[in-house]
Amino acid sequence: MNNKAGILGIGSYLPEKIIDNLYFEKTMDTSDEWIKTRTGISERRIANDNEATSDLATKAALKAIKCAKLKPENIDLVIVATATSDMVFPSTACIVQNNIGATKAAAFDMSAACSGFIYAMTVAKQFVENKVYQNVLVIGAEVLSRVLDYTDRTTSILFGDGAGAVVIGNVEFGGILSTYLGSDGSGKEFLNIPAGGSKLPASQNTIDNKLHTIKMAGNDVYKFAVRIMGDASLKALEMANLKTCNIDYLIPHQANIRIIEASAKRLKLNMDKVYVNLDKCGNMSAASIPVALDEAYRLGKIKKGDNVVLVGFGGGLTWGSSVVNWSIQGGKNE
Ligand code: ACO
C-alpha cells in the first residue's frame with residue numbers, strides 16, 4: 001500500500017489577450033531583440049479588465065478536478081498560492097471555494113511569491129499523508145499585470161497572467177517523493193511591492209511614487225536564482241534518494257531562459273528534458289510551475305512513472321523544490 005500523496009488531476013488556464021514585445025518597443029526604450037536575448041520572452045498573456053486572480057484560478061481548478069475524476073464537493077481544502085490576491089481579505093481561496101461549489105472545503109492563501117505553488121503543494125502533502133484530508137486543491141494563480149509599472153522597462157517586460165491547479169490526494173503509484181523549502185528574508189529588498197500593506201498603507205504619496213508596483217534588483221535576483229535553482233533541485237533529489245541521472249523531466253520556474261539553462265547544466269540535463277513556456281507566457285510567479293507542468297503533461301512529455309523535478313524561487317526571498325514520481329496516465333492521447 002502506497003501511503004504517498006501525489007497528483008490526482010491537473011489543469012490550467014491562460015487569459016486570451018496577448019501582449020508581444022513589439023508593444024513594449026512602441027511604448028518604452030526597449031526592443032524585441034533585447035527582451036528575447038536577455039530573457040527568452042516573446043509574449044505574455046494579460047487578463048481582461050473584468051478578470052481577477054480568482055477568475056483565472058476558478059477555471060484552472062475546475063479542469064484539475066475534472067481531470068482527477070472528482071466533484072467540487074469531494075475537495076476538503078483549497079489553497080491558493082498568489083502574490084496578487086483579489087483583495088487583502090477574504091482570501092482568494094475562499095472566493096474560489098465558493099465559485100466552484102467546494103461546499104465541504106476549508107480555504108486559505110499561501111504567500112511565498114514565485115515559490116508559492118511548491119510551498120502549497122508541500123502543505124497539501126502533509127494533510128493527505130497525515131490523513132487529515134483526502135483531496136486538497138492546490139492552485140497557483142496570478143494577475144501580475146495589475147501590479148506592474150508599465151513605464152519601467154526593467155520589470156514590466158518580464159511578467160504575465162495565468163493559473164494552474166492540481167488535486168493532491170493519496171495515489172496508488174508514485175507520488176510526491178520529496179519537497180524542500182527555504183527562505184532568506186534578508187533579501188526582502190531585492191524583490192517586493194513596497195506599499196499597500198501595514199508598513200506603507202495606500203496614500204497619495206505611495207500612488208504618486210508607484211509604490212504599489214513590483215520593484216526588483218534584477219541582477220541580485222539573477223545571481224541568487226542561478227545558485228539556488230541548482231542547489232534546491234539537488235537537495236530534493238537527495239531527499240528522494242535519487243541522483244541527477246534519475247531525472248526524467250525538469251519543470252523550472254519560468255523567470256529567464258538563461259537561469260533555466262544554467263539550472264539544466266548544473267543538473268546535467270539536455271534542454272529537451274526541460275519544459276520552457278516563458279517565451280509565450282513570461283513569468284507568471286506562483287502560476288508558472290503548475291501551468292508548465294500541465295502543458296508538459298498534456299503534450300505527452302511526462303509519462304506515468306517519470307521522475308519530475310519541480311523547482312522555483314521568488315520574492316522573500318524564498319525557494320522550493322520537489323521530486324514527483326508521476327502517477328497519472330494520459331497526456332497526448334487522452
Ligand atoms: N530593454 C532595454 N534595456 C534594458 C531593459 C529593457 N527592457 N531592462 C534593462 N535594460 C538595461 C539596463 O538599464 C542596463 O543598462 P545600463 O547598463 O546602461 O545601466 C542594461 O540593460 C543591463 O541591465 P541588467 O539589469 O544588468 O540586465 P540583465 O542582463 O541582468 O537582465 C533581467 C535583466 C532580465 C531583469 C535579469 O537580471 C533577470 O532576469 N533577473 C532575474 C529576474 C527574476 O528572475 N525575477 C524573478 C521574479 S520572481 C517573483 O517572485 C516575482
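In what follows, the structure referred to is the one given above.
The residue count restarts for each chain, going from 1 along the sequence in the order it is written. Residue-level local features of this predicted model are given only where pLDDT is at least 70; pairs of side-chain atoms are given and counted only at 80 or more, and the full residue set underlies all totals for whole chains, interfaces and linings. By convention in this description, side-chain values take in all heavy atoms of the structure and omit both hydrogens and water.

Student: Can you help me understand the pairing of strand β13 (residues 318-325) in this one?
Tutor: On any regular strand, side chains alternate: one points to one face of the sheet, the next to the other face. Among the eight residues in β13, eight count as buried, and that is most of the element. The two faces of β13 match: Thr-318, Gly-320, Ser-322 and Val-324 on one face and Trp-319, Ser-321, Val-323 and Asn-325 on the other face are all buried. Examined bridge by bridge, strand β8 (residues 175-183) and β13 share eight bridges and lie antiparallel to one another. By the bridge assignment for β13, Gly-182 is matched with Trp-319. Strand pairing is assigned whenever DSSP identifies at least 2 bridges connecting the two strands. Secondary structure elements follow DSSP: runs of H or I no shorter than four residues count as helices, runs of E no shorter than two count as strands, and numbering proceeds from the N terminus. For strand β12 (residues 307-314) and β13, the ladder comprises eight bridges, and the chain directions are antiparallel. Within β13, the position partnered with Leu-310 by the bridge is Ser-322. Connecting the antiparallel pair β12 and β13 is a turn made up of three residues, with Gly-316 showing a positive phi of about 145°. The classification of residues rests on relative accessible area computed with a 1.4 Å probe and restricted to protein chains. Under 20% of the type maximum is buried, over 50% is exposed, and intermediate values are partly exposed.

Student: Before we go on, may I ask you to explain helix α4 (residues 92-100) in this structure?
Tutor: Taken together, the buried positions of α4 are Thr-92, Ala-93, Ile-95, Val-96, Gln-97 and Ile-100. Elements in contact with the buried residues of α4: α3 (53-67), β4 (77-81), β5 (106-110) and β6 (136-143). Following α4 by one or two positions, Gly-101 has its phi on the positive side, about 75°. Should any heavy atoms of two residues lie within 4.5 Å, those residues are considered in contact.

Student: Can you walk me through the pattern of salt bridges in this structure?
Tutor: Any carboxyl oxygen of Asp or Glu that lies within 4 Å of a side-chain nitrogen of Lys or Arg is treated as forming a salt bridge with it. Enumeration according to the criterion identifies nine salt bridges in this entry. Among the ionic pairs, Glu-51 bridges to Lys-59, the shortest N-O distance being 4.0 Å. Residue Lys-59 is classed as partly exposed on the basis of its relative accessible area of 39%. Here the residues in one salt-bridge network are Arg-227, Asp-231 and Arg-266, joined through shared partners.

Student: Explain the side chain of Asn-21 to me, please; I cannot follow it from the model alone.
Tutor: Tracing the chain through its elements places Asn-21 in helix α1 (residues 21-27). On the basis of relative accessibility, which here comes to 1%, the residue Asn-21 falls in the buried class. The residues contacting Asn-21, other than those within four sequence positions of it, are Asp-32, Ile-35, Lys-36, Ile-41, Ser-42, Glu-43 and Arg-44.

Student: Quick question: what am I supposed to make of the packing of aromatic side chains here?
Tutor: For any pair of aromatic rings, geometry is given as the distance between the ring centres together with the angle between the planes. We call Phe, Tyr and Trp rings a pair once their centres come within 6.5 Å, taking the six-membered ring for Trp, and we label the pair stacked below 30 degrees between planes, edge-to-face above 60, and tilted otherwise. Across all of its chains, the model carries six aromatic pairs by this definition. Ring centres of Phe-224 and Phe-313 lie 6.1 Å apart, and the angle between their planes is 80°; this geometry places the pair in the edge-to-face category. Remark: Phe-313 occurs in strand β12 and Phe-224 occurs in helix α7 (residues 218-239); sequence separation between them is 89 residues. Accessibility expressed as a relative area gives 4% for Phe-313, which makes it buried. On the numbers, 5.5 Å between centres and 45° between planes, the contact of Tyr-297 with Trp-326 is tilted. Residue Tyr-297 is located in helix α10 (residues 288-298), and its partner Trp-326 is located in the segment after β13; the two are separated by 29 residues in the primary sequence. Looking at Tyr-297, the relative accessible area reads 3%, which means it is buried. Members of the aromatic cluster, joined through ring pairs, are Tyr-23, Phe-24 and Tyr-150. The ring of Tyr-180 has Lys-235 sitting right over it, with the charged end atom 6.0 Å from the ring centre. Positioned above the aromatic ring of Phe-173 is the side chain of Lys-304, whose terminal nitrogen or guanidinium carbon lies 5.2 Å from the ring centre. Each ring is checked for a lysine NZ or an arginine CZ that lies within 6 Å of its centre and within 35 degrees of its normal; such an atom marks a charge sitting over the ring.

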